[in-house]
Every structure is written in structure tokens, then in C-alpha cells.
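If you want the building blocks of each chain, they are given just below.
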Amino acid sequence: MNKKNQKRLNDQGFTLAELLIAMAISLVIMGAIFLTFKSQQDSYVIQDQVTATQQNLRSAMYMLTRDIQMAGYYTNFDTDTYTMDWDDLDGDNEVIRPLIYARNNVADGGGDNIKDNTDVIVIVKASSEGRALVAGEAATAGTITLTTRDLDGDGNDDLNNTGKKYGLLVKEDLSVAEFFEVDSAAGNITPPGGLTQNYDLGDLIFRADVIIYRVDEDAANPALRRRNLGSDNGYRVVAENIDNLQFRYLLSDGTWTNNPAGQEPNVRAVEISLLARTANTNRGYIDPNTYSIGGVNYNPNDAYRRKLLCSIVKTRNIGL
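Predicted model, so just to flag it, every value in this text is computed and none were measured.

Rules and cut-offs
- Residues numbered from 1 in each chain as written.
- Predicted model: local features only at pLDDT ≥ 70, side-chain atom pairs only at ≥ 80, totals over all residues.
- Heavy atoms only, no water.
- Patch = residues over 30% accessible without salt bridge, like charges linked within 9 Å, V, L, I, M, F, W, Y side chains within 5 Å.
- Areas by Shrake-Rupley, 256 points an atom, 1.4 Å probe, with all protein chains shown as cover.
- Salt bridge = Lys/Arg side-chain N within 4 Å of Asp/Glu carboxyl O.
- Helix = DSSP H or I, 4+ residues; strand = E, 2+ residues; numbered from the N terminus.
- Core = buried A, V, L, I, M, F, W, Y, C linked by side-chain atoms within 4.5 Å.
- Buried < 20%, exposed > 50% of the residue type's maximum accessible area, 1.4 Å probe, protein only.
- Contact = heavy atoms within 4.5 Å.
- Polar contact = N/O pair within 3.5 Å; in protein donor to acceptor, adjacent residues only side chain to side chain.
- Pairing = 2+ DSSP bridges.

Visitor: Looking at this structure, how should I read a nonpolar patch on the surface?
Guide: A cluster of nonpolar side chains, contributed by Ile21, Ile25, Ile29 and Ile33, occupies part of the molecular surface with about 400 Å² of accessible area. With respect to the helices and strands, Ile25 occurs in helix H2 (residues 16-69).

Visitor: Would you mind going over the nonpolar core with me for this structure?
Guide: Most often, soluble globular proteins have nonpolar side chains that are buried together. Ranked by internal contacts, the top residues of the largest apolar core, which has 29 residues, are Leu224, Phe247, Ile272 and Leu274. Listing elements by their share of this core, those giving two or more residues are H2, strand S3 (100-106), strand S4 (118-132), strand S9 (204-215), strand S11 (236-239), strand S12 (242-251) and strand S14 (267-277). With near-sequence residues (within four places) excluded, Phe247 lies in contact with Leu64, Ile68, Asp119, Ile121, Asn258, Val270, Glu271, Ile272 and Gly294.

Visitor: I would appreciate a short explanation of the side chain of Asn317 in the present structure.
Guide: Mapped onto the secondary structure, Asn317 falls in the segment after strand S17 (306-314). Engagement of the side chain of Asn317 in a polar contact is seen with the backbone oxygen of Gln69, the distance being 3.0 Å. Leaving out residues up to four positions away in the same chain, Asn317 has contacts with Gln69, Met70, Ala71, Gly72, Tyr73 and Asn76.

Visitor: Where do I start with the sheet that holds S17 in this structure?
Guide: Hydrogen bonds along the backbone pair up the strands of a sheet, which may run parallel or antiparallel. Pairing within the open sheet is antiparallel, and its 4 strands lie in the order S13-S12-S14-S17. Each edge of the open sheet carries a strand with a single partner, namely strand S13 (256-257) and S17. Pairing between S14 and S17: 9 bridges, direction antiparallel. Note on S17: the bridge partner recorded for Leu275 is Leu308.

Encoded structure:
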């Protein structure tokens, strides 16, 4: 073969078939690389969401534990029951003893911002700071006369009635206490429910905290929310993507109940069950679990991944 024919043969390049085969092999390799990357990326995203879910659970459990441990603080000395209109609990005129109030498995078809088949808990306690009544202050004949509405010594008005506000009067010897609702923004206070005792110099007065926990019925983001009617700052998000909240109550006779109505003074511990889900669904995954918590069998059957956290909290101020 002469040099001219050899050069012509070398200039022929790849055939169409060879190019198609090379492209096909390249696509297969690129597809494998992409699938590997996508799998790793999905795994990273899932782990990141699961970590966030666990953090939500821990922060929510911390706040619930702290408040439940304080349930009945100084209000334990109040043996009366009260008919209160709290509005937040899907019904008016709840009859309560100022310790713990529970609503078991709210299921009313929606419309009240409480997720169906979740529990609601109300914790009543004195605020962390109070003071003794001074000269010129008293509670007599159902009227409370105060020289200042600063109950904790920080210089602020604690009973200014921006929203519902509550207080607590306690005898100096801790023999009795009375929970009351503030009826006016200034001047003397005449509690709608009246008073059964007289209080004078040296007796104690506190702002009362009325703390409500509930789960939103927002299907896209069912957050756990907390509200303190004592300082009434509205509902604040404690943790997002909380799917279910259930409570059980240990009574002084050793039995457990899902609803302690009428037995609030006998509660000795509260079992909290918090079920959280990831913020987003996981493609190709269906949650196969049935979560048996607080007497409820919850079978979500959707594409969210979930974590369950349970804790038993002793009510150290109830039953003293």
C-alpha cells in the first residue's frame, strides 16, 4: 500500500455505529454516576430531616417536662373548683381544679385549630415570683385592693388585663389559696367567682400561669403550640411537625388513666408521648407503623418518616 492510500485510510475516523456505541456506553456510565449521586443526596436529606425531627422532639419534651413538673405550684393549696371560660379548649365554662386540666382525644371534625385525635393539657401554677401583701393591701368581701399590680418586684404591671389574666392569693401559713380571674385593667379587682377567704398583711399574692399545649390542625405543618393565659402572649410555636400528642396520668392509687377529670389532685405523674414527622415526604417510602400511644392507635400510612419520644414526668407539687 502506497503512502497516499495509507493517509486516506487514516483520515476515515469513526463510523456512525462506533459513535452510537460510544454514546450509549457514556450514557450508561453517566446514568450510574447520577443515580449514585442522587441516592447519596437523598440519604443525606433524609438524615438531615430525621436529625431536625429529633431536635424538635427534644426541645418540645424539655418544655413540656418543665411545665408539668411545676403544675400545682402554690395552687396545690387551693381545694376549690372553678368554672372558667378559656375559649381555647373547644367549649366554654370548663370546670377545673387549678392543677392540671386535660382534654382527651379531641375529635370534633376540625375548626378549632386543634388537630383531631390529639390531647390537650392545661397546667395551672403560680408564677415563679410572688410577694407578700403590704400595708394598705387586702382582699375582703370579694374585693382585692392592691397598691401596685407588680407581683414579682420587677416594676411591671403583672395584672393589666391585656387578654385574660389570673392571680392567686395564698394564706401566709399555706393553709388555703384561691385562684382568681382579673376583671379590670386598673383599680380594685372583683373576681367574677368571688372569694371565700379574707387576706391581709403578710399573706401572699402571685400572678397565676395558665399554660395550654395543643397541636395545630394544619395538615401541612402540625406544630406544637404553647400559650400562657396568665401573661397572654398568644400561641407560640414550640416545635414544628409534631404529628401527635398524647398523655396518660398516674393516679395516687397506682392506676393509669387517659383522662383525669375529677381526679386532678390524685395525679402523681404524667406520661408524655410525642410523635414527630419529617418536614417533607420521602419518595418511595410509606410509613408502615401503627403507633399505639395514649390509648390511640395511629396509623398514618403516608410518606413521612417519624420518631416517637415518650417520657414520664412526676408532678412534684401535686398531692403534697
